[in-house]
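Understanding the architecture of this molecule
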Amino acid sequence: MTKIGLEIHCQLTKLESKLFCPCKANYRESEINSNICPICMGLPGTLPRLNQKAIEKATLIAMALNCSTPEKIAFFRKNYFYPDLPKNFQITQLNIYGDTSVGGSGMIMVGDKKIRITRIQLEEDPGRLIYEGSSSKNQITLVDYNRAGTPLVEIVTEPDFENPKQVREFLTILSNLLENLDVSDPSLEGAMRADANVSIEGGNKVEIKNIGSFHDLEKAVHFEITRQESLHSREIPIIQETRHWDDKRKITISSRSKEEELDYRYFLEGDIPWIRIEKDMQEKLKLEMPESISSKKERYVKDYGIPDQVANVLSLDKFYSDLFDKSHNELNAKEVANIITTDLMGLVDTREKREISKINSTHLRDLADAIHSGKLTRTSAKNALYEIVKSGKELSVVISELDLGNVSDENELLQIIKLVISQEPQAVEQAKSNPQTINFLVGKVMQKTKGKADPKITLNLLTKEID
Ligand SMILES: [Zn+2]
């Protein structure tokens, strides 16, 4: 049987500052090597000052993944020489004196499959190495310390996955969960990285390191299983080793360096005392814990009669469910859900588009009401939505500027209907024998009014005219 285990590194991107110093956690917008201070540079005489909020966010993740939470947590030094960590050690967590990481064993369901979580630990991210130069011979390595010391949560699973599909489903659930908890934005570059271990029946365990995104993680696992199966079928032994993911060539490569065999000489971080996780804090976190995705979905179906599939799509993504929760009421809930899932999701389908989008909950409420009262047809509402996302103007302004208001004046509509009837004699004959085909004529009226004809009145008048 194939066994896959994951180690997922997730940056706590919603925090203000780094794990042990006041530098910004959001290093992405800073000039290279400007988001640094004596603490994260490891200068002599400095001491780490723990970001209490990071413990809370990490504990929140542990609770959401059904992990046990210890009474006391401790930090350890993991010693190694890497140019991207100026202290020459990383402050991390380790369970050698009992469970002292932020989260102990937990589990999460992926469909019917139970994936056990081994532990969750809080640690600091290293800096970033930037490789420049055209070939391996004249390559230079630059280092940017802006990221050094930013808060990272490592989620370690048991080798419970049996195939890449389960891995993908797990990652989708996990990134939605992290986003819903408001601890991390998984779509940010580098916010989610992973290592994986993979073994097939009768073979040794192979570790894959350095996978830079969730997207590549599934690919890396898939590649590795195929590689191992190919070796196995040719009776070549699969050796226990560490391989690196090459994200340009999309393959795993044996890492021949001895670096993975290093003894990290872990020892307790003497500059940070053991920290008690007070029951009060856990209770407070429980109260603050955002509504889970599954309970949102249930509420949408039960309270508003939103179809299962629509409720599912709506609840999975915090951006849309927040918008929905702020704009709906009992009367317009279905319409708001409909606008979001059929039109808005297509208009703002990337992170960049969301960020520049000007839509707010008032717009959505106004749109749903306008459709409900017959002031706008769905087609006009869609056109209005497009303009609102772009400009952020009020709906009433958009309606008058684009002249989107419904044509519900019977005389005006009758003129158009008569014109359509004279132009489409065949369709009229057909509609007389088969009333269902009348929709074709309604469509023609819609075309002539640029989608603004009130559909109910149009249908009534057409039926009368044909008879
Ligand atoms: Zn700093």
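The structure displayed is predicted, hence computed values, not measured ones.

**Some thoughts on the overall build of the protein**
Scanning the protein from terminus to terminus reveals 16 helices and 15 strands. Relative to a compact globule of 467 residues, whose C-alpha radius of gyration would be 23 Å, the protein shows 29 Å and is clearly more extended. Dimensions along the principal axes, computed over C-alpha positions, put the protein at roughly 90 × 55 × 50 Å. Here the protein holds 467 residues, and the buried ones make up 35% of them. Of the contacts formed within the protein by residues at least 6 apart in sequence, a portion of 67% connects residues at least 24 apart.

**As for the domain arrangement of the protein**
With domains assigned, the protein is organised as domain 1 (3-284), domain 2 (291-402) and domain 3 (410-466). Here domain 1 and domain 2 have C-alpha centroids that lie 36 Å from each other. Contacts between domain 1 and domain 2 engage 5 residues on the former and 4 residues on the latter.

**Describing the nonpolar core**
The nonpolar side chains of soluble globular proteins are, as a tendency, buried together. Core analysis: the largest hydrophobic core is formed by 59 residues, its most contacted members being I61, I120, V153, A196 and L217. Breaking this core down by element, the ones donating at least two residues are β1 (3-11), α1 (52-64), β6 (113-124), β9 (151-157), α2 (164-180), β10 (192-199), β11 (206-211) and α3 (214-233). The greatest single-element share of this core, amounting to 7 residues, is contributed by α1. Ignoring any residue separated from it by four or fewer positions in sequence, one finds I120 in contact with A58, I61, A62, L65, C67, S101, V102, G103, V153, E154 and I155. Of all hydrophobic cores here, the second largest spans 26 residues; its members include Y300, I306, A384 and L385.

**Observations regarding helix α13 (residues 410-423)**
Across its 14 residues, α13 extends 20 Å between first and last C-alpha, which sits within 8% of the 20 Å expected from 1.5 Å per residue. L413, I417 and V420 are the residues of α13 that are buried. Axial view of α13: buried residues confined to an arc of 60 degrees, hence all on one face. Away from the buried face of α13 by more than 90 degrees, exposed residues N411, E412, Q415, K418, S422 and Q423 are located. Buried positions along α13 lie against α15 (438-448) and α16 (455-466).

**Focus on the sheet that holds strand β4 (residues 89-92)**
Spatially, the 3 strands line up as an open sheet ordered β4-β3-β14, and their pairing is antiparallel. Strands at the two margins of the open sheet, each flanked by one partner only, are β4 and β14 (267-268). In this sheet, β14 lies alongside strand β3 (residues 76-79) in antiparallel orientation, the contact comprising 2 bridges. Paired with F76 across the bridge in β14 is L268.

**Some words on helix α5 (residues 293-304)**
The periodicity of an α-helix, 3.6 residues per turn, causes residues three or four places apart in sequence to face the same way. With 12 residues, α5 should reach 16 Å at 1.5 Å per residue; the first-to-last C-alpha distance of 16 Å fits that figure. Buried residues of α5: K296, K297 and Y300, and no others. Projection of α5 onto a plane perpendicular to its axis shows the buried side chains occupying an angular sector of 100 degrees, all on one side. Among the exposed residues of α5, those pointing more than 90 degrees away from its buried face are S294, S295, K302 and D303. Of the residues one or two after α5, G305 is the one with positive phi, at around 65 degrees.

**Examining the sheet that holds β11**
Read across the sheet, 8 strands follow the order β5-β6-β9-β1-β10-β11-β12-β13 without closing on themselves; strand pairing throughout is mixed. Edge strands, defined here as strands with exactly one partner in the open sheet, are β5 (106-110) and β13 (251-254). Geometrically, the sheet is characterised by an average inter-axis angle of 30 degrees between neighbouring strands, direction not taken into account. Sheet topology places β6 next to β9; 7 bridges connect them, and they run antiparallel. By the bridge assignment, L122 is partnered in β9 with V153. Against the sheet, α1 engages β5, β6 and β9, with an angle of about 170 degrees to β6. Running over the sheet, α2 touches β1, β5, β6 and β10 and is turned about 115 degrees from β5.

**Details of the packing of helix α8 (residues 333-347) against helix α10 (residues 361-372)**
Between α8 and α10, the least distance of the axes is 9 Å, while the angle of their chain directions is 115 degrees. The angle between the axes of α8 and α10 places the two elements in the roughly perpendicular class. For α8 against α10, the interelement crossing comes out right-handed. Contacts between α8 and α10 involve E335, V336 and I339 from the former and L364, L367, A368, I371 and H372 from the latter. Looking at the contact of α8 with α10, its residues break down into 6 nonpolar, 1 polar and 1 charged.

**A closer look at unusual backbone geometry**
In this structure, N33 takes a positive phi of about 55 degrees despite not being glycine. The phi dihedral of K250 is positive, around 60 degrees, even though this residue is not glycine. Along the chain, the position of K250 falls in the loop between β12 (241-246) and β13.

**So, the environment of Y266**
Along the chain, Y266 turns up in the loop between β13 and β14. Since 14 C-beta atoms lie within 10 Å of it, Y266 is described here as partly exposed. Filtering out sequence-adjacent residues up to four positions away, Y266 remains in contact with F76, R77, K78 and L94.

**A few points about the pairing of β6**
Burial within β6 is extensive, with 9 of its 12 residues counted as buried. Joining the antiparallel neighbours β5 and β6 is a turn of 2 residues, in which G111 adopts a positive phi near 65 degrees.

**Some details on the environment of Q430**
With respect to the element layout, Q430 can be found in helix α14 (residues 425-433). Take Q430: there are 16 C-beta atoms within 10 Å of it, and that puts it in the partly exposed class. The sequence separation of Q430 and N338 amounts to 92 residues, and the corresponding C-alpha distance is 33 Å.

**Re the packing of α2 against α3**
Between α2 and α3, whose axes approach to 9 Å, the crossing angle comes to 165 degrees. In terms of orientation, α2 lies roughly antiparallel with respect to α3. Of the two elements, α2 crosses α3, and the hand of that crossing is right-handed. Listed contacts from α3 to P164, V167, R168, L171 and S175 of α2 are F214, L217, E218, V221 and H222. Of the residues in the contact of α2 with α3, the class split is 6 nonpolar, 2 polar and 2 charged.

Procedures and definitions
- Residues numbered from 1 in each chain as written.
- Predicted model: local features only at pLDDT ≥ 70, side-chain atom pairs only at ≥ 80, totals over all residues.
- Helix = DSSP H or I, 4+ residues; strand = E, 2+ residues; numbered from the N terminus.
- Rg over C-alpha atoms; globule rule 2.2 N^0.38 Å.
- Buried ≥ 20, exposed ≤ 12 C-beta atoms within 10 Å, placed from the backbone.
- Contact = placed C-beta atoms within 7 Å.
- Domains from an automatic or database assignment.
- Core = buried A, V, L, I, M, F, W, Y, C linked by C-beta atoms within 7 Å.
- Expected span 1.5 Å × (residues − 1).
- Arc of directions from axis to C-beta.
- Pairing = 2+ DSSP bridges.
- Axes fitted to C-alpha atoms, helices over the stretch in contact; angles between N-to-C directions.
- Parallel < 35°, antiparallel > 145°, perpendicular 65-115°, else oblique.
- Left-handed = near helix turned anticlockwise from the far one by under 90°.
- Nonpolar A, V, L, I, M, F, W, Y, C, P; charged D, E, K, R; others polar.

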